[in-house]
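Secondary and tertiary structure notes
The lines below spell out each chain.
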Amino acid sequence: MGKRHGGSGSGAWGCGVPPVRSVAAAAAMPGAADRSSELSEQIEAFVARLRGGGERPRSEDTARQTLSLLRKIIAHGQWSCAGELMDLIRREGQRMVAAQPSETTVGNMVRRVLKVIREEYGRLHGRSEESDQQESLHKLLTSGGLSEDFRTPYPPLRANVIEAINELLIELEGTTDNIAMQALEHIHSNEVIMTIGYSRTVEAFLKEAARKRKFQVIVAECAPFCQGHEMAVRLSKENIETTVMSDAAIFAVMSRVNKVIIGTKTILANGALIAVSGTHTLALAAKHHSTPLIVCAPMFKLSPQFPNEEDSFHKFVSPQEVLPFTEGEILAKINVHCPVFDYVPPELITLFISNIGGNAPSYIYRLMSELYHPDDYEL
């Protein structure tokens, strides 16, 4: 990206032209200032919701809200070329990500939008997809490579980017259905399936298979939150034979299981998972008994982050459920940690089923290069 040119007084960030409209012009336009303050309030409310505790929103809802906010920023923001727009999106994206680092979906959506801006700019700039591929090959061979300055202004860019984001939102709506449609390829009659906790994607996957196949589901309760109970109730309502068991019984029962099907919070760049606490135990037991482990996860959960980068994935909550505060004597002598998530290494996973099909963990790097630009891995 081009460096910012100072001293011009025009307010352009090295774009060669003045911005679409100055701050004074924006203030003069009726309703522009109101729109700007309303947008700021919406962003602040979203950040506060991410930062606050309480019930965790569904990843799909978080992804949709992030995209909607970014679309409004693009529509009403002060920018005149792709370079400025990417700076603006990156700045707001960093603020959203910092509010709740464990909610990787937010950062993923910001990266998807940055990739969309790059592609739309390239299209207006007269660059074909073939030259994009040549550029990526060139970057593999030379670490520097062809850099783009994104300084040429294109009036249609705003409308084109917004249209592309609308397509992304439509894609988001169908992710769970697209994953569920593949259920009959993986679940067969009279099989015993094991899962853990509650995952809306896995629930839809199992319900779709149950329309034509008869099978049994064993649900590990996922203590101390016991979300598995909710999963069992929902499945039994669909006349699926369901058994709930404690997490301690996972290894004992695994020899009877044909497949393990789980959801996840995040898929990392190396093909590993950040999933609900207890998933690592389940994955180790499945590996020991050579039971296939299938992960149902939409593509917006794929993050370009690696597990060793930072401790942002580690999230701890009150151990009240495990050891109540009434146990005062014991609490004075020990420290109790109650992690929300587990790290599951890629070698324990057999297959990922996403809204674009099934892939092995070793293929994740390829999917990542299709979804995100390498320059955007670090926001």
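Our subject in this report is the structure included herewith. (Residues numbered from 1 in each chain as written. Predicted model: local features only at pLDDT ≥ 70, side-chain atom pairs only at ≥ 80, totals over all residues. Heavy atoms only, no water.)

**Some details on the environment of Pro224**
Note the following rule: In this description a helix means any DSSP run of H or I spanning at least four residues, a strand means any run of E spanning at least two, and both kinds are numbered starting from the N terminus. The contact rule is simple, with two residues in contact once any of their heavy atoms fall within 4.5 Å.
Here Pro224 lies in the loop between strand S2 (216-220) and helix H11 (228-237). Separated by 116 residues in the primary sequence, Pro224 and Val340 have C-alpha atoms spaced 9.5 Å apart. Beyond its immediate chain neighbours, meaning those up to four positions away, Pro224 contacts Glu321, Val322 and Cys338.

**Observations concerning the pairing of strand S9 (residues 351-354)**
Put simply, the test is: Pairing between strands is defined by DSSP: at least two bridges between the two strands are required.
Where strand S7 (residues 293-296) and S9 come together, three bridges link them in parallel fashion. Within S9, the residue paired with Val295 across the bridge is Phe352. Between S9 and strand S10 (residues 357-359), which pair antiparallel and follow one another directly, the connecting turn spans two residues.

**Points about the pattern of salt bridges**
Two side chains that carry opposite charge are able to pair once their charged atoms sit near each other. Note the cut-off: The rule for a salt bridge is simple: a side-chain nitrogen of Lys or Arg has to be within 4 Å of a carboxyl oxygen of Asp or Glu. Burial classes follow relative accessibility: with a 1.4 Å probe on protein chains only, a residue under 20% of its type's maximum area counts as buried, one over 50% as exposed, and anything between as partly exposed.
By the definition in use, this model includes 19 salt bridges. Lys207 is the partner of Glu203 in a salt bridge, and the nearest nitrogen-oxygen pair spans 2.5 Å. Of this pair, Glu203 and Lys207 are both found in helix H10 (residues 200-210), four residues apart, which corresponds to roughly one turn of the helix. Since its relative accessible area comes to 23%, Lys207 is described here as partly exposed. Sharing partners across several salt bridges, the network here consists of Arg58, Glu60, Asp61, Arg64 and Arg200.

**Regarding the packing of aromatic side chains**
How we decide: Pairing of aromatic side chains requires ring centres within 6.5 Å, counting the rings of Phe and Tyr and the six-membered ring of Trp. Pairs whose planes differ by under 30 degrees are stacked, by over 60 edge-to-face, and all others tilted.
A complete count under the given rule lists two aromatic pairs for this structure. Plain terms: the ring middles of Tyr121 and Phe150 are 5.0 Å apart, the flat faces sit at 55° to each other, and that makes the pair tilted. One end of the pair, Tyr121, is in helix H5 (residues 104-124); the other, Phe150, is in the loop between helix H6 (129-141) and helix H7 (157-173), and 29 residues separate them in sequence. The same class applies to Tyr121 and to Phe150, which are both buried. Centroid distance Tyr121 to Tyr154: 5.7 Å. Interplanar angle 65°. Geometry classified as edge-to-face. On the criterion of sequence distance, the pair formed by Tyr121 in helix H5 and Tyr154 in the loop between H6 and H7 is long-range, its members being 33 residues apart. When its relative accessible area of 0% is taken as the criterion, Tyr121 is described as buried.

**Let's talk about the side chain of Glu92**
Stated formally: Polar contacts here mean pairs of N or O atoms no more than 3.5 Å apart (in protein, one a potential hydrogen donor and the other a potential acceptor; neighbouring residues in sequence count only if both atoms are side-chain atoms).
The topology assignment puts Glu92 in helix H4 (residues 82-99). A polar side-chain atom of Glu92 sits 2.9 Å from a polar atom in the side chain of Arg95.

**Concerning the nonpolar core**
Note the threshold: By convention a nonpolar core is built from buried Ala, Val, Leu, Ile, Met, Phe, Trp, Tyr and Cys residues, the set being connected through side-chain atoms within 4.5 Å.
Residues Leu67, Ile73, Ile74, Ile89, Met96, Val113 and Ile117 are the most contacted members of the largest nonpolar core, which totals 36 residues. Listing elements by their share of this core, those giving two or more residues are helix H2 (32-51), helix H3 (59-76), H4, H5 and H7. With eight residues, H5 is the single largest residue contributor to this core. When neighbours within four sequence positions are excluded, Met96 is seen to be in contact with Ile43, Phe46, Val47, Leu50, Thr66, Leu69, Leu70, Ile73 and Val106.

**Re unusual backbone geometry**
Note that the residue after Ala223, namely Pro224, is joined by a cis bond; omega there is 5°. If you check the backbone angles, Cys226 has positive phi at about 55° while not being a glycine. Turning to its location among the elements, Cys226 is positioned in the loop between S2 and H11. A residue is classified by how much of its surface remains accessible, and Cys226, at 26% relative accessible area, is partly exposed.

**With respect to the pairing of strand S3 (residues 241-245)**
This is how it is decided: Handedness is read with the strands pointing away from the viewer; a crossover is right-handed when the path from the first strand over the helix to the second is clockwise.
Across five bridges, the pairing between S2 and S3 is parallel. Across the sheet, the residue bridging to Ala220 is Met245, located in S3. At this point the chain moves from S2, through H11, to the parallel S3, and the crossover so formed is right-handed.

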